[in-house]
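Below are the chains, spelled out letter by letter.
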Amino acid sequence: MKKLNIAMIGYKFMGKAHSNAWRQVGRFFNLPYEPVMKVICGRDEAAVKEASRRFGWEQYSTDWQEVVARKDIDVIDICTPGDTHLPIAVAAASEKKVVLCEKPLANSLAEAETMLRAVQKNGVTHMLCHNYRRVPAIALARQVIDDGTIGQIHHYRGTYLQDWLVDPEFPRVWRLEKAKAGSGALGDIASHSVDLARYLVGEIAEVTALLKTFITERPKSFEDHDPAAVDVDDAALSLVRFTNGAIGSIEGSRFATGRKNYNRFEINGSRGSIVFNLERLNELELYVEQGPNSGFRTIMATDSKHPYMSGWWPPGHIIGYEHTFTHTVLELLRAMAALELPEPNFFDGVQNQRVLDAMEKSSSSQSWERV
Ligand SMILES: NC(=O)c1ccc[n+]([C@@H]2O[C@H](COP(=O)([O-])OP(=O)(O)OC[C@H]3O[C@@H](n4cnc5c(N)ncnc54)[C@H](O)[C@@H]3O)[C@@H](O)[C@H]2O)c1
């Protein structure tokens, strides 16, 4: 089997999740390639050295430019904040590497378009990590929609709620700086709801949105308590019109007290509905209109016939958050072998960014904005 040398840039939250995915994927699924965890990269030498040991990488580096230029590297996996996605992805594309990039694709629509042009011009495979498409219950939701079980879709209601910023003493980490993160709850978590809306319902044509920053100044960092300005949204709330006639709402907030990672959607169609909540990720609720005794039932999406589950455990033996990343890299490897473009990819990233951009514009213009 052909070996594929992987390089990962960034070694914290997503670095840990993606490392686990690269390590596990071949242990549970038959692969067309053998991924080799070649080199992990970050700026702090002691920390990246420790990450390489702990996560199982062969080598570490503190210089992403040098890593991207290495002739022995096949895939660049970008797990860094949004302000670094463009330079890393563009450099990787020009070195003809396969690029897997964390979401949101970029910090602005213009940057996302530049990244798409770079991968197209160089003819390289590209993928965006909207990993929730790879939750078995969500992939099952897509099948249920595609086979017509819930009929024509009228409503999409997507919420992605967290509460880690409700404490005003929590410092202004990079996710609260526009220059680093592009936006706040909008790009960080509402972008996932936008991706699921596009994956499950269709393209969004028009939006109206309200962005709100509740706390505009925070301690600069955990160590330095001087005040620093917050210039991104804490919450984003939007109404959307889909091109196929469905309507929806999308809400992302990091101020939803008590909600930790409440990524939920409800879709209502002419014949039935589906409901998903990440905090119970093995389950899909399905309602099919069948007269007076119909009601919601819960499908445990752990049968070997359910998406991805044949690779894991017997029915009822549940899986978790980390598996969604394993399925993401699996899809990348399968697509590469089939000479196809994996999904979601940089086209999806640009389209997602168009929606986020329209939401941001609408919050300023206080009117509907076309995507
Ligand atoms: N798919 C998901 O569900 C999901 C979840 C969380 C984060 N993300 C995305 O993943 C990306 C990273 O987020 P995170 O939560 O892992 O952040 P993090 O703060 O936990 O880790 C960021 C990493 O990037 C490194 N880094 C920062 N600037 C760098 C630079 N200039 N050069 C080299 N390395 C640099 C840091 O040292 C660190 O290792 C973001 O785009 C974020 O939106 C996606």
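That block above? That's the structure.
Described below are features of the structure shown in this document. This structure is a prediction, so every number in the text was calculated from the model and none was measured.

Basis of the calculations
- Residues numbered from 1 in each chain as written.
- Predicted model: local features only at pLDDT ≥ 70, side-chain atom pairs only at ≥ 80, totals over all residues.
- Heavy atoms only, no water.
- Helix = DSSP H or I, 4+ residues; strand = E, 2+ residues; numbered from the N terminus.
- Buried < 20%, exposed > 50% of the residue type's maximum accessible area, 1.4 Å probe, protein only.
- Polar contact = N/O pair within 3.5 Å; in protein donor to acceptor, adjacent residues only side chain to side chain.
- Contact = heavy atoms within 4.5 Å.
- Near = heavy atom within 4 Å.
- Areas by Shrake-Rupley, 256 points an atom, 1.4 Å probe, with all protein chains shown as cover.
- Nonpolar A, V, L, I, M, F, W, Y, C, P; charged D, E, K, R; others polar.
- Pairing = 2+ DSSP bridges.
- Axes fitted to C-alpha atoms, helices over the stretch in contact; angles between N-to-C directions.
- Core = buried A, V, L, I, M, F, W, Y, C linked by side-chain atoms within 4.5 Å.
- Salt bridge = Lys/Arg side-chain N within 4 Å of Asp/Glu carboxyl O.

### Considering the side chain of S294
Part 1: Inspection of the secondary structure puts S294 in the loop between strand 15 (283-288) and strand 16 (297-300).
Part 2: On the accessibility criterion, S294 (19% relative accessible area) is buried.
Part 3: Looking at S294, its side chain comes within polar contact range of the main-chain nitrogen of Q290, at 3.3 Å.
Part 4: Side-chain polar atoms of S294 contact the backbone oxygen of G291, separated by 2.5 Å.
Part 5: Beyond its immediate sequence surroundings of up to four residues, S294 is in contact with Y287, V288 and E289.

### Looking at the site of the ligand
Part 1: In the vicinity of the ligand, 22 residues are found, and the nearest of them are M14, K103, N131, W174 and R175.
Part 2: With respect to the ligand, the backbone of F13 contributes an N or O atom lying 3.0 Å from an oxygen atom.
Part 3: Residue N131 places a side-chain N or O atom 2.8 Å away from a nitrogen atom belonging to the ligand.
Part 4: In isolation the ligand offers 840 Å² of accessible surface; the protein chains occlude 89% of this area.
Part 5: Each residue belonging to the shell around the ligand can be placed in one class, and the counts come to eleven nonpolar, six polar and five charged.

### Observations concerning the sheet that holds strand 2 (residues 34-41)
Part 1: Strand order in the open sheet made by the six strands is 3-2-1-4-5-6, with parallel pairing throughout. Two strands lie at the open edges of the sheet, namely strand 3 (59-61) and strand 6 (126-129), each paired on one side alone. Averaged over all neighbouring strand pairs, the angle between strand axes comes to 25°, with direction disregarded.
Part 2: Across four bridges, the pairing between strand 4 (residues 75-78) and strand 5 (residues 98-102) is parallel.

### Some remarks on the nonpolar core
Part 1: Residues W22 and I267 are the most contacted members of the largest nonpolar core, which totals 80 residues.
Part 2: Broken down by element, this core gets its largest block of residues, nine residues, from helix 8 (residues 185-200).
Part 3: Beyond its immediate chain neighbours, meaning those up to four positions away, W22 contacts I6, M8, P35, M37, W57, V75, D77, L100, V329, L332 and L333.
Part 4: With 27 residues, the next largest nonpolar core counts V68, L109, F346 and V350 among its residues.

### Topic: the sheet that holds strand 11 (residues 235-242)
Part 1: The sheet built from nine strands is open, its strands ordered 16-15-14-13-7-12-11-8-17 with mixed pairing. At either end of the open sheet lies a strand with only one pairing partner, and these are strand 16 and strand 17 (369-370).
Part 2: The pairing of strand 14 (residues 272-277) with strand 15 spans four bridges and is classified as antiparallel. Within the sheet, the bridge partner assigned to G272 lies in strand 15 and is V288.

### Focus: the pattern of salt bridges
Where charged atoms from two side chains of opposite charge come close, those side chains can pair.
Part 1: In the structure shown here, the tally under the stated rule is 24 salt bridges.
Part 2: Of the charged contacts in the structure, one is a salt bridge between D195 and R133, with a shortest N-O distance of 2.8 Å. Highlighted residues: D195 in helix 8 and R133 in the loop between strand 6 and helix 6 (136-146), separated in sequence by 62 residues.
Part 3: For D195, a relative accessible area of 1% translates into the label buried.
Part 4: Linking E360 and K178 is a salt bridge whose minimum nitrogen-to-oxygen distance equals 3.1 Å. Of this pair, E360 sits in helix 10 (residues 346-365) while K178 sits in helix 7 (residues 178-181), placing them 182 residues apart in sequence.
Part 5: By relative accessible area, E360 is classed as partly exposed at 27%.

So, to be careful, I would describe these as geometric facts and stop short of saying anything about function.
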